[in-house]
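Here's the letter readout for the chains.
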Amino acid sequence: MATPLSPDTPAARPGAGPRFVLVAGEASGDQLGAGLIRELRERHPTAIFAGIGGGAMRRAGLDAWHDVSELAVMGLSEVLSHLPRLLALRNALRRRILAWRPDAFIGVDAPDFNLGLERMLRQRGVRTAHYVSPSIWAWRRGRARKIGRSAERVLCLFPMEPAIYAEYGVDARFVGHPLADTMPLDPDRRGARALLDLPRNGPLLAVLPGSRLGEIAKLGAIFLEAAALVAREIPGLRILVPAADERCREALETLVAASPLSADAVKLIDGQAREAMVAADVVLLASGTATLEAMLAKRPMVVGYRVARGTHALVKGLGLLKIGRYALPNVLAGEDLVPELMQDDCTAENLAAAVLGWLRDPEAVAALEPRFRAIHTTLRRDASARAADVVETLVARP
């Protein structure tokens, strides 16, 4: 049972603004946290915000005790090497939060760090919320019960998530997806091509094998070979390849040089993945959040992915994977709107055939756009405002 805080909490002191602690663990969480801070400050001008965040959260008014970069580690080996430091940081942060006596703690994504912290704080009487549900709809649904022990409220980005939490008695609310708020319902393809210094007309394929070096190593050569096969069939096809950072660009440059593609046909760009999707006729991309962005850009896509054979066999064998669809547009629609080619099906030949299917069937492309628009509208809920509504239910309750 939670131990109540002292009556001398900020909410109990007349005239004091509420105190909120937010902890974000990467750039996307920094943006989410900033939007939530702005909404809460509109409602509580004297509120105080502290915790862990990046530049966006600082600009919104966060007193950053630590920078978001201190939590932004990826990959098993990197996490293990940083584990002692991260555990020490979490323990020190817990003590500081309890001494500061906030009205609410909001963990923004980063579940490996935040859920344990939320559980410890909740046991001491701090009101807790977790913003961005882990993908329990995809695998290990039973995690919902454990998440509910940490967070009194779970703020979900997708509409199918609260029902799963309800099975385990957890209070989860759909707040909408911030990407759906920021991306227009009618993307400007001509403007995107002009911004990227591309011809106004002519076939264009965007290729996004991933934003991490591991993904590029697994998928980059296959995707570029698929693009070369498409280029043989479509005269004048241009290939646009966004690179997430300098290291990704170096890896992609090496793969492009070794691919069958002519140098004139390929354009590598730094960042601007969203603009590349909007500009393209078809997007060939790795499974993940990028598929949601391509859907919001209203572009037909082909989704591919591969993981290590051993990992795939283990997850399937233990029954941890609960879905037959992986691409977010298909998951949200509940049907196969776009081709997704996983594991052994993810070959250059299969990917090329699927891309050509879109390029040669403008009627199918035209039929896809209203489906994507309907999903976009469903997700467009002013997520920051809805998230603030949920957080306020914690502050309002004694």
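Because the structure is a prediction, the values reported are computed rather than measured.

### Topic: the pairing of strand β8 (residues 204-208)
Thought 1: By the criterion of burial, β8 is predominantly enclosed, with five of the five residues buried.
Thought 2: The side-chain alternation of β8 yields two buried faces, one formed by Leu204, Ala206 and Leu208 and the other by Leu205 and Val207.
Thought 3: When β8 meets strand β9 (residues 238-243), the two strands line up parallel, connected through three bridges. The residue bridging leucine 205 from the neighbouring strand is isoleucine 239, located in β9.
Thought 4: For the handedness criterion, the β-α-β arrangement of β8, helix α9 (residues 213-233) and β9 is classed as right-handed.
Thought 5: Pairing between β8 and strand β11 (residues 282-286): four bridges, direction parallel. Counted as the bridge partner of leucine 208 is leucine 285 from β11.

### Details of the environment of glutamate 26
Thought 1: Along the polypeptide, glutamate 26 turns up in the loop between β1 (19-24) and α1 (27-43).
Thought 2: Glutamate 26 gets classed as partly exposed once you look at its relative accessible area, which sits at 34%.
Thought 3: As a C-alpha pair, glutamate 26 and aspartate 109 span 83 residues in sequence and 8.4 Å in three-dimensional space.
Thought 4: Those residues in contact with glutamate 26 that sit more than four places away from it in its chain are Val68 and Asp109.
Thought 5: Only 3.1 Å separates the side chain of glutamate 26 from the side chain of serine 28, close enough to count as a polar contact.

### Focus on the sheet that holds β9
Thought 1: In space, the six strands of this open sheet follow the order β10-β9-β8-β11-β12-β13, with parallel pairing throughout. With partners counted over all chains shown, the strands left at the sheet margins are β10 (266-270) and β13 (340-342), one partner each. Pairwise comparison of adjacent strand axes, ignoring direction, gives a mean angle of 20 degrees for this sheet.

### So, the packing of aromatic side chains
Thought 1: Following the criterion strictly, the structure yields two aromatic pairs and no others.
Thought 2: Ring geometry for phenylalanine 20 and phenylalanine 49: centres 5.4 Å apart, planes at 15 degrees, overall stacked. Here the residue phenylalanine 20 occupies a position in strand β1, and phenylalanine 49 occupies one in strand β2 (residues 48-53), the gap between them amounting to 29 residues. Grouping residues by exposure puts phenylalanine 20 and phenylalanine 49 together as buried.
Thought 3: The interplanar angle of 90 degrees and the centroid separation of 5.6 Å between the aromatic rings of tryptophan 65 and tryptophan 100 together place this pair among those described as edge-to-face. Linking tryptophan 65 in strand β3 (residues 62-67) with tryptophan 100 in helix α3 (residues 76-100), this pair joins segments that are 35 residues apart in sequence.
Thought 4: Taking the relative accessible area as the measure of exposure, tryptophan 65 reaches 12% and is therefore buried.
Thought 5: Residue tryptophan 100 is classed as buried on the basis of its relative accessible area, which comes to 18%.

### Section: the pairing of strand β6 (residues 153-156)
Thought 1: Burial along β6 is two-sided: Arg153 and Leu155 and Val154 and Cys156, pointing in opposite directions, are all buried.
Thought 2: Where strand β5 (residues 128-131) meets β6, three bridges bridge the pair, whose relative direction is parallel. The residue bridging alanine 129 from the neighbouring strand is arginine 153, located in β6.
Thought 3: Taken together, the three bridges between β6 and strand β7 (residues 172-174) define a ladder with parallel strand orientation. For leucine 155, the partnering residue across the bridge sits in β7 and is arginine 173.
Thought 4: For the crossover that starts at β6, traverses helix α6 (residues 161-166) and ends in the parallel β7, the hand is right-handed.

### A closer look at empty space enclosed by the protein
Thought 1: This structure, assessed with the given rule, holds one cavity of 30 Å³ or more.
Thought 2: Its boundaries defined by the atoms lining it, the largest cavity holds a volume of some 30 Å³.

### Topic: the sheet that holds strand β4 (residues 104-108)
Thought 1: The sheet built from seven strands is open, its strands ordered β3-β2-β1-β4-β5-β6-β7 with parallel pairing. Single-partner strands in this sheet number two, and they are β3 and β7. When the angles between neighbouring strand axes are averaged without regard to direction, this sheet yields 20 degrees.
Thought 2: One ladder, built from five bridges, connects β2 with β3; its direction is parallel. Each residue of the ladder has a partner; that of alanine 50, found in β3, is aspartate 63.
Thought 3: Contacts from α1 reach β1, β2, β3, β4 and β5 within the one sheet, and its direction differs from that of β1 by about 165 degrees.

The rules behind the values
- Residues numbered from 1 in each chain as written.
- Predicted model: local features only at pLDDT ≥ 70, side-chain atom pairs only at ≥ 80, totals over all residues.
- Heavy atoms only, no water.
- Buried < 20%, exposed > 50% of the residue type's maximum accessible area, 1.4 Å probe, protein only.
- Helix = DSSP H or I, 4+ residues; strand = E, 2+ residues; numbered from the N terminus.
- Pairing = 2+ DSSP bridges.
- Right-handed = clockwise from strand over helix to strand, strands pointing away.
- Contact = heavy atoms within 4.5 Å.
- Polar contact = N/O pair within 3.5 Å; in protein donor to acceptor, adjacent residues only side chain to side chain.
- Axes fitted to C-alpha atoms, helices over the stretch in contact; angles between N-to-C directions.
- Phe/Tyr/Trp six-rings, centres within 6.5 Å; stacked < 30°, edge-to-face > 60°.
- 1 Å grid on protein atoms, 1.4 Å probe; cavity = no way out; pocket = protein on both sides within 12 Å on 5 of 7 lines; lining within 4 Å.
- Points joined across faces, edges and corners; volume = space filled by probe spheres on them.

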